[in-house]
Amino acid sequence: MKKISILGVPMDLGQTRRGVDMGPSAIRYAGVLNRLEKLDYDVEDIGDIAVKVDNHEEENHTVLKNLKAIAKISEEIALSIQNIIENKRFPLLFGGDHSIAIGTIAGISKYYKNLGVIWFDAHGDLNTEETSPSGNIHGMPLAASMGFGHPLLTGIGGYSPKVNPENVVIIGARDLDKGERELIKSKNIKVFTMHEIDRLGMTRVMEESIDLLKKKTDGVHLSVDLDALDPHDAPGVGTPVLGGISYRESHLAMEMLEETKLITSAEFVEVNPILDERNKTAEVAVALMGSLFGEKLL
């Protein structure tokens, strides 16, 4: 029997809109455990990591908000992930804002020589202290995982980088800052914007992504920010951007990934029930997990 361990990270420190800390609860409420158990998985829910912030510890000479608290929690996430992997279980994380990925990837990457990352997101999350317009760390986890940014973020787990730029694929981007665009070009990071998805279709986008990572990686982490989807389908996110991936396209992507068996860990983040409509976004997240883990109509 395939084994999954669920870990919640109710983190809202990486951005400024309250409510995303309730994301893990919303996803659980949407019936994720029952859905995965019906697919014949052995599912254990190991609960949530405690998220605390001591404002007295934070430094005033950086624009990065809640830097020390996020770094501390990221270390805890990394340790929890390592326990899951050493118990030969699939790590499935619920966020929380996307800064949780700093700890997730730090915990996972130790177990792979060439970890790949598929990043479903409206944004690049490739900012650093120097390029960020806001100082919000949820816009930085992919950069930090590649070794770019503040040492407290890049050094989680005691090593850097966690992933090489050539092993990263971003899907669904439609809102990139100037510094992010420069980093994408200088490091030749593979990005499928909404323009490519519209032009090529999701089938070809996923085929190219899978072919790219299959050749070069020994494990692939899937990071799904629900704002990758169009706000019509996933309204409960902190930074919605019009013109996103459709509900059907996102399911097709998850189904194609399931067929390849490439994915070795996953996280679903940025579900904010305060901004949602009757828990719609959490239900979408759970439905996508169903497709990712093999749910089929026939």
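Residues numbered from 1 in each chain as written. Predicted model: local features only at pLDDT ≥ 70, side-chain atom pairs only at ≥ 80, totals over all residues. Heavy atoms only, no water.

The condition is simple: UniProt positions are given in the numbering used here, feature names are shortened, and annotations may be inferred rather than shown by experiment.
In the annotation of an unreviewed UniProt entry, the protein is listed under the name Arginase and assigned to Lederbergia citri. UniProt, in its Sequence similarities (unreviewed entry) section for the protein, records the words "Belongs to the arginase family."

1. Some points on the overall build of the protein
Convention followed: In this text, helices come from DSSP runs of H or I with a minimum length of four residues, and strands from runs of E with a minimum of two, each type numbered from the N-terminal end. The atom set for the radius of gyration is the C-alpha atoms, and the globule formula is 2.2 Å times the number of residues raised to the power 0.38. Only the protein chains shown count as covering a residue, and every accessible area follows the Shrake-Rupley method with a 1.4 Å probe. Positive charges come from Lys and Arg, negative ones from Asp and Glu, while His and the chain ends are left out of the count. Every charge is mapped to an atom, namely NZ of Lys, CZ of Arg, CG of Asp or CD of Glu.
Along the protein, the regular secondary structure elements total 11 helices and eight strands. Computed over the C-alpha atoms, the radius of gyration of the protein is 17 Å, within 12% of the 19 Å expected from 2.2 N^0.38 for a compact globule of 298 residues. Projecting the C-alpha coordinates of the protein onto the three principal axes gives extents of approximately 55 × 40 × 40 Å. When the accessible surface of the protein is summed, it comes to about 12,600 Å², and 49% of that surface belongs to carbon and sulfur atoms. Treating the 32 positive side-chain charges of the protein as one cloud and the 45 negative ones as another, the clouds have centres 4 Å apart.

2. Describing helix α3 (residues 67–86)
Heads up, the rule is: Expected helix span is taken as 1.5 Å per residue step, with the number of steps being one fewer than the number of residues.
Taking 1.5 Å as the rise per residue, α3 with 20 residues should run 28 Å; its terminal C-alpha atoms sit 29 Å apart, in good agreement. Lys 88 occupies a position one or two residues after α3 and carries a positive phi of about 60°.

3. Structural notes on the UniProt feature "binding site: Mn(2+)" (unreviewed entry) in the protein
We apply this condition: In protein, a polar contact requires one atom able to donate a hydrogen and another able to accept it; more generally it is a pair of N or O atoms within 3.5 Å, and residues adjacent in sequence count only if both atoms are side-chain atoms.
What UniProt calls "binding site: Mn(2+)" (unreviewed entry) maps, in this numbering, to His 98, Asp 121, His 123, Asp 125, Asp 225 and Asp 227. A stretch of 130 residues holds the annotated residues, and the largest C-alpha distance among them is 12.2 Å, short enough that they meet in one place. At a separation of 2.8 Å, a polar atom in the side chain of Asp 121 contacts the main-chain amide nitrogen of His 123. Positionally, Asp 227 belongs in the loop between β7 (219–225) and α10 (247–260).

4. Some details on the nonpolar core
Condition: Within this scheme, the nonpolar core is defined by two criteria: the residues are buried Ala, Val, Leu, Ile, Met, Phe, Trp, Tyr or Cys, and they are joined through side-chain atoms within 4.5 Å. To sort residues, take the accessible area from a 1.4 Å probe on protein chains only and compare it with the maximum for the residue type: under 20% means buried, over 50% means exposed, and anything in between is partly exposed.
Formed by 50 residues in total, the largest nonpolar core has its most connected members in Leu 92, Phe 120 and Ile 171. For this core, the element with the highest residue contribution is helix α11 (residues 280–292), accounting for seven residues. Judged by nonpolar contacts, the second largest core, of 43 residues, contains Ile 49, Ala 78, Ile 81 and Ile 108.

5. Quick notes on the pairing of β7
How we decide: Pairing between two strands requires that DSSP report at least two bridges joining them.
The buried fraction of β7 amounts to seven of the seven residues, a majority that puts the element mostly inside the structure. Going residue by residue along β7, you find Gly 219, His 221, Ser 223 and Asp 225 tucked away on one face and Val 220, Leu 222 and Val 224 tucked away on the opposite face as well. Sheet topology note: the β7/strand β8 (residues 263–269) ladder contains six bridges and is parallel. Bridging from a neighbouring strand, His 221 pairs with Ser 265 of β8.

6. Comments concerning the sheet that holds β8
The condition is simple: All axes here are fitted lines through C-alpha atoms, helices being fitted over the stretch that makes contact, and every angle between N-to-C directions spans 0 to 180 degrees. By the convention used here, residues are in contact when the closest approach between their heavy atoms is within 4.5 Å.
Across the sheet, which stays open at both edges, the eight strands sit in the order β2-β1-β3-β8-β7-β4-β5-β6 with parallel pairing between neighbours. Strand pairing shows two members of the sheet lacking a second neighbour, β2 (41–48) and β6 (190–193), which therefore form its edges. The mean inter-strand angle of the sheet, taken between neighbouring strand axes irrespective of direction, is 15°. The sheet contact formed by strand β5 (residues 168–173) and β6 spans four bridges and is parallel. Bridging across to β6, Ile 171 finds its partner in Phe 192. Across the sheet, α11 lies against β3 (90–95), β7 and β8, angled at about 170° from β8, the strand it touches most.

7. Regarding the side chain of Glu 270
For clarity, the threshold we go by: For this document, the term salt bridge refers to a Lys or Arg side-chain nitrogen within 4 Å of an Asp or Glu carboxyl oxygen.
On the secondary structure map, Glu 270 appears in the loop between β8 and α11. Buried and without a salt bridge, Glu 270 has Arg 17 as its closest oppositely charged side chain, separated by 9.2 Å. A polar contact is formed between the side chain of Glu 270 and the side chain of His 138, at a distance of 2.9 Å. Other than its neighbours up to four places away in sequence, Glu 270 contacts Val 20, Gly 95, Gly 96, Asp 97, His 98, His 138, Asp 225, Gly 236, Val 237 and Gly 238.

8. What about unusual backbone geometry?
Residue Gly 95 is joined to Gly 96 through a cis peptide bond whose omega torsion reads 20°. Inspection of the secondary structure assignment puts Gly 96 in the loop between β3 and α4 (100–109). Residues other than glycine seldom take positive phi values, yet Asp 40 does so here, at roughly 70°. Turning to its location among the elements, Asp 40 is positioned in the loop between α2 (32–37) and β2. Here Asp 40 falls in the exposed class, since its relative accessible area comes to 55%. Even without a glycine there, the phi angle at Arg 278 is positive, about 50°. Along the chain, Arg 278 falls in the loop between β8 and α11.

9. Details of the packing of aromatic side chains
The cut-off we apply is this: Centres within 6.5 Å are what make two rings of Phe, Tyr or Trp a pair, Trp counting through its six-membered ring; a difference in plane orientation under 30 degrees is then read as stacked, over 60 as edge-to-face, and the rest as tilted.
Inspection of every chain in the model, using the stated rule, returns two aromatic pairs. Ring geometry for Tyr 41 versus Phe 293: centroids 5.4 Å apart, planes at 80°, classification edge-to-face. With Tyr 41 in strand β2 and Phe 293 in the segment after α11, the pair connects residues that are 252 residues apart, well separated along the chain. Taken as a pair, Tyr 41 and Phe 293 share a single burial class, namely buried. Ring plane angle 80° and centroid distance 5.2 Å describe the contact between Phe 90 and Phe 293, whose orientation is recorded as edge-to-face. Here Phe 90, found in strand β3, pairs with Phe 293, found in the segment after α11; they are 203 residues apart in sequence, far enough to count as distant. On the basis of relative accessibility, which here comes to 15%, the residue Phe 90 falls in the buried class.

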